[in-house]
Amino acid sequence: MFLKQNKFKNNYLVLCTSLIFLSSIPFKYLLAENIYIGVASNFLKPIKVLKENFESKNDGKIFISSGSSGSLYAQIINGAPLDIFLSADLDLPKKLEKTTKAILGTRFTYATGKLVAYSTKKILFSQTFPQILTSNKIRYIGIGKPGYVPYGRAAKQVLKSLNIFKKISSKLVLSKSVNQVFLMNYFGNLDIGFISKADFISNNKKGKIWEIPHHLYSPIKQDAILLKNGEKKKNAMLFLKFLSSKRTKEKLKKFGYVFD
């Protein structure tokens, strides 16, 4: 009998402690709605800025999962509990529209990326594009894996458009994301690489970039789509509206993205 009473008292104390703790938390945070966003690696720096801005005006938090578009797509297909997918292309969100993982009619282009060639090797700074790609001073050229990385796919298009893909294929170093290509260049592990202009602008502009004529590759339209997991979340819809706003587009232009 004593043990039962003691157990009851312990449970009562736990309940009281929990109620006191909950009463100390502002009511709005108890009802706050968090959202989970899968973000292509080239958009990691911009999404952090947008996250801060969005959270300052809305209850709830944004949690970010970043990687190549291909790897994020695979995670979504395999049941990752993401609410929104911000891809670096339009093909993967289109594919999701044909599954039960995404909400049809919510896909839109939130930005168009720019591909640039990038190096931190000062010995190469006087070179011009595209001649630099076939220079005997170049040993390693970084691109994202074309099968998984939209910017890598665009880089391959550039090399094929210039008719040099086979000639320099032995120099290519394939990376799992365009951000990884940037980092390998940034720390001098590559001679040159094809990166998102946003990565260069977001990271102190160390080194040099060469602009690539747009006619050498297809436009890198980056699409967003609402996923099934976020269908009933008000904040997910609010964020997509925020992402498509004119004010947000002006912010993204500063990161090197372009808009039609």
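Quantities reported herein were computed from a predicted structural model and do not represent experimental measurements.

Participant: Hey, could you run me through the packing of aromatic side chains in this one?
Facilitator: Note on aromatic pairs: each is described by the distance of the centres and the angle between the planes. Counted by the stated rule, this structure contains 10 aromatic pairs. Each ring, one from F182 and one from Y186, has its centre 5.4 Å from the other, and the planes form 40°; the classification is tilted. In this pair, F182 and Y186 both sit in helix α8 (residues 178–186), 4 residues apart, roughly one turn of the helix. Grouping residues by exposure puts F182 and Y186 together as buried. Ring-pair connections join several aromatic residues into one group, and the members of that group are Y118, F182, Y186, F187 and F200. If you follow K160 out to its NZ or CZ, it ends over the ring of F165, 5.6 Å from the centre. Its guanidinium or amino end placed over the ring of Y186, K206 lies 4.5 Å from that ring's centre, counting from NZ or CZ.

Participant: So what exactly am I meant to see when it comes to the confidence of the model for the chain here?
Facilitator: Caution applies to low-pLDDT regions: their predicted coordinates should not be interpreted in detail. Scored by pLDDT, the chain has a mean of 90; 88% of the residues are at 70 or more. Every residue in residues 12–25 scores below 50 in pLDDT, and together they form 2 contacts with partners more than four places removed in sequence or on other chains.

Participant: Looking at this model, I keep getting lost on the sheet that holds strand β5 (residues 115–119). Mind explaining?
Facilitator: Spatially, β7-β6-β8-β5-β9 is the arrangement adopted by the 5 strands of the open sheet, whose pairing is mixed. Looking at which strands have only one partner, the edges of the open sheet turn out to be β7 (172–175) and β9 (208–211). Neighbour-to-neighbour, the strand axes of the sheet open up by a mean angle of 35°, direction not taken into account. Sheet topology places strand β6 (residues 141–144) next to strand β8 (residues 192–196); 2 bridges connect them, and they run parallel. Counted as the bridge partner of G142 is G193 from β8. The sheet contacts of helix α6 (residues 150–161) involve β5, β6, β7 and β8, and relative to β8 the element is tilted by about 125°. On top of the sheet, α8 reaches β5, β6, β7 and β8; it is set at about 135° to β8, its chief contact.

Participant: Is there a simple way to think about the environment of K171 in this case?
Facilitator: Following the sequence through the fold, K171 ends up in the loop between α7 (165–168) and β7. Sequence spacing of K171 and I138 is 33 residues, and the spatial spacing of their C-alpha atoms is 8.1 Å.

Participant: Sorry, what's going on with the pattern of salt bridges here?
Facilitator: Once their charged atoms are close, side chains differing in charge can pair, the charge on each being opposite to the other. By the definition in use, this model includes 10 salt bridges. Across the pair D83 and K233 runs a salt bridge whose closest N-O atoms are separated by 3.0 Å. One end of the pair, D83, is in the loop between α4 (69–77) and β3 (84–86); the other, K233, is in the loop between β10 (220–226) and α10 (234–243), and 150 residues separate them in sequence. Judged on exposure class, the residue D83 and its partner K233 are both buried. E211 is the salt-bridge partner of K114, the closest N and O atoms lying 3.7 Å from each other. You can see K114 sitting in the loop between β4 (108–113) and β5 and its partner E211 sitting in strand β9, a full 97 residues away along the chain. On the basis of relative accessibility, which here comes to 16%, the residue K114 falls in the buried class. Connected through salt bridges with shared partners, the residues E97, R107 and D223 form a single ionic network.

Cut-offs applied
Residues numbered from 1 in each chain as written. Predicted model: local features only at pLDDT ≥ 70, side-chain atom pairs only at ≥ 80, totals over all residues. Heavy atoms only, no water. Phe/Tyr/Trp six-rings, centres within 6.5 Å; stacked < 30°, edge-to-face > 60°. Helix = DSSP H or I, 4+ residues; strand = E, 2+ residues; numbered from the N terminus. Buried < 20%, exposed > 50% of the residue type's maximum accessible area, 1.4 Å probe, protein only. Lys NZ or Arg CZ within 6 Å of the ring centre and 35° of its normal. pLDDT = per-residue confidence, 0-100. Contact = heavy atoms within 4.5 Å. Pairing = 2+ DSSP bridges. Axes fitted to C-alpha atoms, helices over the stretch in contact; angles between N-to-C directions. Salt bridge = Lys/Arg side-chain N within 4 Å of Asp/Glu carboxyl O.

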